[in-house]
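Chain by chain, the residues run as shown.
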Amino acid sequence: MSVIILGIESSCDDTSAAVIRDGHLLSNLISTQQVHEEYGGVVPELASRAHQANIVPVVDMAIKQAGIKLGDILAIAFTRGPGLLGSLLVGTSFAKGLAIAQNIPLIEVNHLHGHILSHFILTSNQTQVPGFPFLCLLVSGGHTQLVLVNNFDDMQIIGKTIDDAAGEAFDKCAKVMGLGYPGGPEVDKLSALGNPTAFRFAKPLPHGLDFSFSGLKTSFLYFLRDNLEKDPNFIENRKYDLCASLQHTIVTILIDKLGTAARKLGVKEIALAGGVAANSGLRDAVMRLGKKRGLRTFIPELKFTTDNAAMIAIAGYYKFKKNEFADHSLTPQARLPF
Ligand code: KG4
Ligand code: ZN
């Protein structure tokens, strides 16, 4: 019998539902909340309310697009954390209610495990999956980690940011340039037209395999302030070079540590995951690193980089195979341990 899993993701500002059959993607619906744009960042209270409005239609559409019936679903996987508590509560409560109504089991998924396991979603484009162990660079709006993935349920953080996440560095620098939210995709787009070595910013490289991005953010701010004193139109005049140089700096910091970690651990496979994995400069740089070192390299399809329920459903599928189900008394956790 085939195993059909419904995945639900509501940890931040995207309401998403996906259906996976035996590891193959049948549907993946994402409703991105526009309401936060005018505030330049996610407003938690507004995010919870938008999830509440979106979740039923999004799940309904995901089931319809998958071409299945509600009764075909064998289990419901949902994001338990980490994320915004109010947002997580909507997804968790909905998942519990539907699981009770359908008399099927619930599966809790750690959002970060979901990002990493997105490499196991099978589609017509994504047919190869990593072999264990592999080294994953996980870069999102809230996290920046190097993870040694020994198995679906055995992952070890070997390096992490000691302050800001890579996505935060993109978003905060974009904000001071007056670009929209989230800033990462904007910086990426403008970078294509700029010179990546036009400007030099601080590149803090803490000891070992850890990362740091707050110094870069500060150096970027001071650099803008100094130049704006001389030329009030500095940002407008040089935005392409500013974005290209910023992106180049962030990518260099990430690749430096990924390369060191891969050598230290002697892994044969590397992978990239999380929202910042959508960045074109980073995708190219990871591909180049893999090629240079002769490593099997996995870059996720764009739709599996930023938050999506397909990654929650695939993580749920592998837990289902091990009969790892969740109790209905569990609560979402804003700071769920890795
Ligand atoms: O994984 P994700 O969707 O949400 C979290 O779990 O945090 O990641 C969102 C982050 C944001 O910081 C966003 O700016 C960044 O991913 N991002 C990008 C790009 N697309 C999304 N950063 C750089 N370049 C992109 N193309
Ligand atoms: Zn995420």
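No experiment lies behind these values; they were computed from the predicted model shown.

> Looking at this model, I keep getting lost on the pairing of strand β3 (residues 24–32). Mind explaining?
In regular strands, side chains alternate between the two faces of the sheet. The pairing of strand β2 (residues 14–21) with β3 spans 8 bridges and is antiparallel. For T15, the partnering residue across the bridge sits in β3 and is S31. The hairpin turn running from β2 into β3, its antiparallel successor, is 2 residues long, and D22 in that turn takes a positive phi close to 50°.

> How should the sheet that holds strand β10 (residues 296–298) be read in this particular structure?
Strand pairing in a sheet is mediated by backbone hydrogen bonds. Such pairs are either parallel or antiparallel. Taking strand neighbours across the sheet as the criterion, the 5 strands line up as β8-β7-β6-β9-β10 in an open arrangement whose pairing is mixed. Each edge of the open sheet is held by one strand with a lone partner, namely β8 (154–160) and β10. In this sheet, adjacent strand axes meet at a mean angle of 20° when their direction is disregarded. Sitting on the sheet, helix α8 (residues 280–293) touches β6 (134–139), β9 (269–273) and β10, and the angle it makes with β9 is about 175°.

> I'm lost on the coordination of the zinc ion (ligand 2) in this one. Help?
Surrounding the zinc ion (ligand 2) are the protein donor atoms H111 (NE2), H115 (NE2) and D307 (OD), which sit 2.0 to 2.1 Å from the metal. In terms of primary sequence, the donors binding the zinc ion (ligand 2) are separated according to H-x3-H-x191-D. You can see H111 sitting in helix α3 (residues 111–117) and its partner D307 sitting in the loop between β10 and α9 (310–320), a full 196 residues away along the chain. The same class applies to H111 as to D307, namely buried.

> Would you mind going over the site of ligand 1 with me for this structure?
Taken together, 18 residues form the shell around ligand 1, and within it G141, D171, D188, N279 and D307 come nearest. D171 places a side-chain nitrogen or oxygen 2.6 Å from an oxygen atom of ligand 1. Protein contacts shield 88% of the accessible area of ligand 1, which totals 550 Å² for the unbound molecule. The site holding ligand 1 turns out to be the largest pocket.

> Sorry if this is basic, but what is going on with α8 here?
Because each turn of an α-helix spans 3.6 residues, side chains separated by three or four positions end up pointing in the same direction. For α8, spanning 14 residues, the distance from its first C-alpha to its last is 20 Å, which sits close to the expected 20 Å at 1.5 Å a residue. When we look at burial in α8, the residues that qualify are G281, L282, R283, A285, V286, L289 and G290. Residues of α8 that are buried in the fold lie against β6, α5 (183–191), α7 (234–265), β9 and β10. Where α8 starts, the residue carrying a side-chain oxygen 3.1 Å from the main-chain nitrogen of G281 turns out to be N279. Directly after α8, the chain includes G294, whose backbone phi takes a positive value near 70°.

> Mind showing me how you'd approach helix α4 (residues 166–176) here?
Of the positions making up α4, those classed as buried are A166, G167, A169, F170, D171, C173 and A174. Close packing links the buried residues of α4 with β6, β7 (144–151), α5, α6 (214–230) and α7. Among the residues trailing α4, G178 stands out with phi positive, at a value near 80°.

> What should I look at first to understand the domain arrangement of the protein chain in this one?
Domains assigned within the protein chain are domain 1 (4–125 + 304–320) and domain 2 (134–300). Between the C-alpha centres of domain 1 and domain 2 the distance comes to 27 Å. The partner domain 2 presents 22 residues to the 19 residues of domain 1 that form the contact. Both sides together, the interface formed by domain 1 and domain 2 hides about 1,600 Å², and carbon and sulfur atoms give 79% of it. It is I116, H119 and T305 in domain 1 that bury the most area against domain 2; as a group they hold 39% of the surface buried on that side. The interface formed by domain 1 and domain 2 contains 0 salt bridges. Our enumeration of links across domain 1 and domain 2 arrives at 2 residue pairs in polar contact (both at pLDDT 80 or more). Counting residues per element, the side of domain 1 that touches domain 2 draws most heavily on α3, which supplies 5 residues. Looking at the side of domain 1 that touches domain 2 residue by residue, the classes come out as 9 nonpolar, 8 polar and 2 charged.

About the criteria used
In every chain, residue numbers begin from 1 and rise along the written sequence. Numbering of ligands from 1 and lettering of chains from A proceed in the order in which they are written. pLDDT decides what is reported in this predicted model: residues at 70 or higher carry local features, side-chain atom pairs at 80 or more are listed and counted, and totals for whole chains, interfaces and linings draw on all residues regardless. The basis for every side-chain value is the complete set of heavy atoms in the structure, and neither hydrogens nor water enter the calculation. DSSP bridges decide pairing: two strands pair if at least two such bridges lie between them. Where helices and strands are cited, they refer to DSSP runs of H or I of at least four residues and of E of at least two residues respectively, numbered from the N terminus. Only the contacting stretch of a helix is used when fitting its axis, a line to C-alpha atoms as for every element, and angles between N-to-C directions run 0 to 180 degrees. In what follows, residue pairs with any heavy atoms lying within 4.5 Å of each other are defined as contacts. For Na, K and Ca the donor cutoff is 3.2 Å, while for all other metals N, O and S atoms must lie within 2.8 Å; water is not among the atoms, so some sites may look incomplete. For every residue, the accessible area obtained with a 1.4 Å probe (protein chains only) is divided by the maximum for its type, and the residue is called buried under 20%, exposed over 50%, and partly exposed between those limits. Here a residue is considered near a molecule or strand provided that any single heavy atom belonging to it is located within 4 Å of it. Polar contact criterion, stated in full: a pair of N or O atoms within 3.5 Å, where within protein one must be able to donate a hydrogen and the other to accept it, and residues adjacent in sequence count only if both atoms are side-chain atoms. Accessibility throughout is a Shrake-Rupley quantity obtained with a 1.4 Å probe, and a residue counts as covered only by protein chains that appear here. Only protein atoms enter the 1 Å grid used here. Points where a 1.4 Å probe fits but cannot escape make up a cavity, open sets with protein on both sides within 12 Å along at least five of seven lines make up a pocket, and a residue lines them when an atom lies within 4 Å of a point. A molecule is counted as occupying a cavity or pocket when more than half of its atoms fall within 2 Å of that pocket's grid points. Expected span, for any helix, means 1.5 Å times one less than how many residues it has. An automatic or database domain assignment provides the domain bounds reported here. Note: buried area is the sum, over both parts, of the accessible area (probe 1.4 Å) each one loses when the two are combined. Any Lys or Arg side-chain nitrogen found within 4 Å of a carboxyl oxygen on Asp or Glu counts as a salt bridge. Amino acid classes used here: Ala, Val, Leu, Ile, Met, Phe, Trp, Tyr, Cys and Pro are nonpolar; Asp, Glu, Lys and Arg are charged; the rest, including Gly, are polar.

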